[in-house]
Amino acid sequence: MMRDDVPRESVPREDRPPRILLDATAVPADRGALGRYAEGLLRALYGMGTDLAIACQRVERERYAALAPGARVVSGPAELAHRAARLAWEQTGLPRVAHEVGADVLHLPNYAIPVHAGLPTVVTIHDVTLFAEPERHDPLRTSYIKSATRAAARRATRMIVPSRAVRDDLVRVLDADPDHIDVAYHGVDHEAFRRPSPEEVKRVSDRLGLHGHPYVAYLGALEPRKNVPNLIRGWVRACAGRPDPPALVLAGGGGWDDEVDAALAVVPTHLRVVRSGYLPWSLLPGFLGGALVVALPSRGEGFGLPVLEAMACGGTVLTTRRGPLPEVGGDAVAYTEPDPPAIAAALSTLLDAPDQRLELAEAASSRAELFTWEGSARAHLDSYTRAVSHYAASHPG
């Protein structure tokens, strides 16, 4: 961190930390995965004394100023609320903002990159599974993200990915240069996601109308790659013949997986499904930590933040070995293949083994401590520094 009494401009560039401009204009206002990434990263960067500037939507200015009180926050025009206007502004307005704030490096945390930025650029590529399985992604976003990812792989000074799996996929699918890719694992907010008290578990159980009845938890969007229909079918099989079968709670936002309703339509009447919708953040530790099993049998992820958050809450997690999920879960979670028979077998094993569930819950809580936003921020800072160095070497004078 620079001394406050020394003008930044009087210090040679090579002797001072880079000023980072983070473009948050594409970050949704909700606290979805992208929002949690941007928020966790900015808090950690600010806490480390990083020289920060932030570009954001006008309505988000106060929120980002509170996240990083020492940063210069620049809000774009009101038109950025419209996607087409924002995409155009990224190409022209954002480079101007970078020049105005004296940025040394521009971080774009969501795929897109200006064609002519005029300074080093670092782009976060969260996921490339849509190249292999586009039908499992939102069709309205697939074409744009694929185009943006290809452009980033060609033009970005460096790319940041949240896992080794995404790095390897970028190299395999787009022939990206592995020497220009940095892995920075996500962190988890250990204040928001933590082991719950018995009172917190009771509160969420009562809110769900379960009143202490055991349940299997799912938290996330109802998108095809999340594999919720097969989870429902596997849970039905695992409950067959059980005198007191656990409920299945599907929590989270909406989605566009048409098979979910079809799978629910044939659930036997004696089994109970609760569709809770969004749960307040204050209830998530009790929801995840109070479940018999947190089942997240995804077909593909860029990182697997829901898995990590469930681990931090002391949940017994069942997931798949797809993509980066083993990098996150290690030996602290249980694994299954994504088909209904495999999910049923894995669920049955966990439901019948309380000692194993307890052992996994303890291991998950401990492993989650390894993932911090401070560690992620340090990896990002290393990438920013490399970007500045590489750009200077390729743009002498």
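See the structure printed just above.
Computed from a predicted model, the values in this text were never measured in an experiment.

Conventions and cut-offs
- Residues numbered from 1 in each chain as written.
- Predicted model: local features only at pLDDT ≥ 70, side-chain atom pairs only at ≥ 80, totals over all residues.
- Heavy atoms only, no water.
- Axes fitted to C-alpha atoms, helices over the stretch in contact; angles between N-to-C directions.
- Helix = DSSP H or I, 4+ residues; strand = E, 2+ residues; numbered from the N terminus.
- Parallel < 35°, antiparallel > 145°, perpendicular 65-115°, else oblique.
- Contact = heavy atoms within 4.5 Å.
- Nonpolar A, V, L, I, M, F, W, Y, C, P; charged D, E, K, R; others polar.
- Buried < 20%, exposed > 50% of the residue type's maximum accessible area, 1.4 Å probe, protein only.
- Right-handed = clockwise from strand over helix to strand, strands pointing away.
- Pairing = 2+ DSSP bridges.
- Expected span 1.5 Å × (residues − 1).
- Arc of directions from axis to C-beta.
- Phe/Tyr/Trp six-rings, centres within 6.5 Å; stacked < 30°, edge-to-face > 60°.
- Polar contact = N/O pair within 3.5 Å; in protein donor to acceptor, adjacent residues only side chain to side chain.

> Looking at this structure, how should I read the packing of helix H13 (residues 340–351) against helix H14 (residues 354–368)?
Two measures define how a pair of helices packs: the angle their axes make with one another and the distance between the axes. Running from N to C, H13 and H14 cross one another at 95 degrees; their axes reach a closest spacing of 6 Å. Considering their axes alone, H13 and H14 lie roughly perpendicular with respect to each other. Contacts between H13 and H14 involve Thr349, Leu350 and Leu351 from the former and Pro354, Gln356, Arg357 and Leu360 from the latter. For the contact of H13 with H14, the per-class residue count stands at 4 nonpolar, 2 polar and 1 charged.

> Even after reading the chapter, I still don't get the pairing of strand S1 (residues 20–23), so can you show me in this structure?
Along any regular strand the residues' side chains alternate between the sheet's two faces. Burial along S1 is two-sided: Ile20 and Leu22 and Leu21 and Asp23, pointing in opposite directions, are all buried. Once you follow S1 into helix H1 (residues 33–47) and on to strand S2 (residues 52–56), the crossover reads as right-handed. As paired elements, S1 and strand S4 (residues 105–108) share 3 bridges and run parallel to each other. By the bridge assignment for S4, Leu21 is matched with Leu106.

> What's the story with H14 in this structure? I'm lost.
Helical geometry note: an α-helix holds 3.6 residues per turn, so side chains three or four residues apart project in the same direction. For H14, spanning 15 residues, the distance from its first C-alpha to its last is 21 Å, which sits close to the expected 21 Å at 1.5 Å a residue. Arg357, Leu360, Ala361, Ala364, Ser365 and Ala368 are the residues of H14 that are buried. For H14, the arc enclosing every buried residue in end-on projection is 135 degrees, short of the 170-degree limit, so these residues lie on one face. Of the exposed residues in H14, those oriented more than 90 degrees away from the buried face are Asp355, Leu358 and Glu359. Where H14 is buried, its residues meet strand S11 (293–296), helix H11 (305–312), strand S13 (334–335) and H13.

> How should I be thinking about the packing of aromatic side chains in this particular structure?
Geometry of an aromatic ring pair is reported as the spacing of the ring centres plus the angle between the planes. Within this structure, the stated rule accounts for 6 aromatic pairs. Plain terms: the ring middles of Phe193 and Trp281 are 5.3 Å apart, the flat faces sit at 70 degrees to each other, and that makes the pair edge-to-face. Taken together, the positions of Phe193 in the loop between strand S7 (181–183) and helix H7 (198–207) and Trp281 in the loop between strand S10 (273–277) and helix H10 (284–289) put the pair 88 residues apart, joining distant regions of the chain. Classification of Trp281 as partly exposed rests on a relative accessible area of 27%. Where Phe303 meets Phe371, the ring centres are 6.2 Å apart and the plane angle is 65 degrees; that geometry is what we call edge-to-face. Of this pair, Phe303 sits in the loop between S11 and H11 while Phe371 sits in the loop between H14 and helix H15 (373–394), placing them 68 residues apart in sequence. Side by side, Phe303 and Phe371 carry an identical accessibility label, which is buried. By the ring-pair criterion, three or more aromatic residues cluster together here, those being Tyr185, Phe303 and Phe371.

> Mind showing me how you'd approach H1 here?
Look at H1: 21 Å from first C-alpha to last across 15 residues, which is about the 21 Å you get at 1.5 Å a residue. Most of H1 sits inside the fold, with 11 of its 15 residues counted as buried.

> Would you explain the sheet that holds strand S12 (residues 317–319) in this entry?
Spatially, 6 strands are ordered S10-S9-S8-S11-S12-S13 in an open sheet, and the strand pairing comes out parallel. The open sheet terminates on both sides in strands that have one partner only, identified here as S10 and S13. In this structure, strand S9 (residues 247–251) lies alongside S10, joined through 4 bridges in parallel fashion. Among the inter-strand pairings, Leu248 is bridged to a residue of S10, identified as Val273. Against the sheet, H11 engages strand S8 (215–219), S11 and S12, with an angle of about 160 degrees to S12. Together, S8, S11, S12 and S13 form the strand contacts of H13, whose direction differs from that of S12 by roughly 165 degrees.

> Could you clarify how one ought to interpret the packing of H1 against H15 in this entry?
Look at H1 against H15: their axes get within 8 Å of each other, and the N-to-C directions meet at 80 degrees. If you check the angle between H1 and H15, you find them roughly perpendicular. Only Trp373, Glu374, Ala377, His380, Leu381 and Tyr384 of H15 make contact with H1, whose side of the interface consists of Arg36, Tyr37, Gly40, Leu41, Ala44 and Leu45. In terms of residue class, the contact of H1 with H15 is made up of 8 nonpolar, 2 polar and 2 charged.

> Got a minute to help me understand the side chain of Arg19 in this structure?
In this fold, Arg19 is placed in the segment before S1. Reaching out from Arg19, the side chain makes a polar contact with the side chain of Asp51 at a distance of 3.0 Å. A distance of 2.7 Å separates a polar atom in the side chain of Arg19 from the backbone oxygen of Val101.

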